[in-house]
Amino acid sequence: MNFGKAVYSFAGIFSFSILSVMPLHAAHKDARRIVKSDRIEIEVFEFGKGRETLIMAAGNGRPAAQLSELAKGIAANGIRVITYNYRSLGASTGPIDGLTLHDYANDLWRVADALGLKKVHLAGKTYGNRVVRAASQDKPDRVLSVILIGAGGEQLPSPETLALYKRYIDPHTPKDEWLKLQGQLMYAPGNEHLAALDAAQGEYPVLAAAQVKASDATPKAEWASGGTAPMLVMTCLLDVVAVPESALSVAKSRPNAWLVGLPGCGHNMLNERGEDLVRLMSEFIVRTSKRH
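Residues numbered from 1 in each chain as written. Predicted model: local features only at pLDDT ≥ 70, side-chain atom pairs only at ≥ 80, totals over all residues. Heavy atoms only, no water.

Draft legend 1. Quick peek at the overall build of the protein. Across its full length, the protein carries nine helices and nine strands. Taking all contacts inside the protein whose residues are at least 6 apart in sequence as the whole, residues at least 24 apart take part in 76%. Just so you have it, the protein exposes about 12,200 Å², and 54% of that area is on carbon and sulfur atoms. (Helix = DSSP H or I, 4+ residues; strand = E, 2+ residues; numbered from the N terminus. Contact = heavy atoms within 4.5 Å. Areas by Shrake-Rupley, 256 points an atom, 1.4 Å probe, with all protein chains shown as cover.)

Next up, the structure:
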């Protein structure tokens, strides 16, 4: 199967396929609800129906809307997809100071419990991959598979990138500067204009900074392995934030992991390689679900 990208595997090259993969822009209605638990409210969005359910967590300080097009594309392949807003975004409420990744993982499981989901597939976009890895490591018996979109946490980016990222999550950074940094940090050269799509979803640097602190407050051993479920690790080869070497390290560190490298894209591959993500994620879920 030719995906038009570099594909590496530590448990076997992808050799499976589904009968049909709908395009990313395929129309699909979503349902919205509020999950309430322990004085915390989480705004949840549901896309499609299916025997398998995927819960996705968004990037650092980013809203659930970041994942909507991806969710629609996957749902069109007969997979139920759930996204949700982090605390303080949209209709979601709850404290964001003094948290750890376990608190964000617990929010994910609040959603699963409220929907009556005993076992699920998990996917996280960039920072969200830390959330789902923590969730999977906390409750490995409930996870069918884990998908990392822009996996990081193993290899640090360059000092220059770290300095820019610190400015990027500073709540005092002017909006025009934030937009420029969004293009510079999140996209491959030539794709910086796609940052306008992120700006339309809103900027939330207060949450972004709080989430970085939550990650820093969590011992790496408590989230990095991502549990024991089959894992798909996806990286863009021009990502300067979650550098490709980091994804390679994640995949090599555990059994039953697949690594996919996509050319010509950066940290926010959603807007650069959306249709590839729909295909790869849908096929991985179909494959892992057959094992259960």
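Draft legend 2. Molecular detail of the packing of helix α2 (residues 101-114) against helix α3 (residues 127-138). Here α2 crosses α3 at 75°, and the two axes come no closer than 8 Å. The angle between α2 and α3 falls in the class roughly perpendicular. Contacts from L101, H102, Y104, A105, L108 and W109 of α2 reach α3 at Y127, R130, V131, V132, A134, A135 and D138. (Axes fitted to C-alpha atoms, helices over the stretch in contact; angles between N-to-C directions. Parallel < 35°, antiparallel > 145°, perpendicular 65-115°, else oblique.)

Draft legend 3. Highlighting the state of the cysteines. In total, this model carries one disulfide according to the counting rule given. The side chain of C236 participates in a disulfide bridge whose partner is C265; the two sulfur atoms lie 1.9 Å from each other. Judged by the sign of its S-S torsion, about -90°, the cystine formed by C236 and C265 is left-handed. One end of the pair, C236, is in strand β8 (residues 231-236); the other, C265, is in the loop between β9 (257-262) and α9 (274-290), with 29 residues separating them in the sequence. In this structure, C236 and C265 share a single accessibility class: buried. (Disulfide = S-S within 2.5 Å. Buried < 20%, exposed > 50% of the residue type's maximum accessible area, 1.4 Å probe, protein only.)

Draft legend 4. Summary view of the pairing of strand β5 (residues 80-84). Counting buried residues along β5, five of its five residues qualify, which places the element largely inside the surrounding structure. The two faces of β5 match: R80, I82 and Y84 on one face and V81 and T83 on the other face are all buried. As paired elements, strand β3 (residues 40-47) and β5 share four bridges and run antiparallel to each other. Paired with F45 across the two strands is T83, which belongs to β5. The sheet contact formed by strand β4 (residues 53-57) and β5 spans four bridges and is parallel. Counted as the bridge partner of I55 is I82 from β5. (Pairing = 2+ DSSP bridges.)

Draft legend 5. A look at the side chain of R80. Along the polypeptide, R80 turns up in strand β5. Of note is the side chain of R80, whose polar atom sits 2.8 Å from the side chain of E46. Discounting residues that sit within four places of it in the chain, R80 has contacts with E46, F47, G48, K49, G50, E52, T53, L54, L115 and L117. (Polar contact = N/O pair within 3.5 Å; in protein donor to acceptor, adjacent residues only side chain to side chain.)

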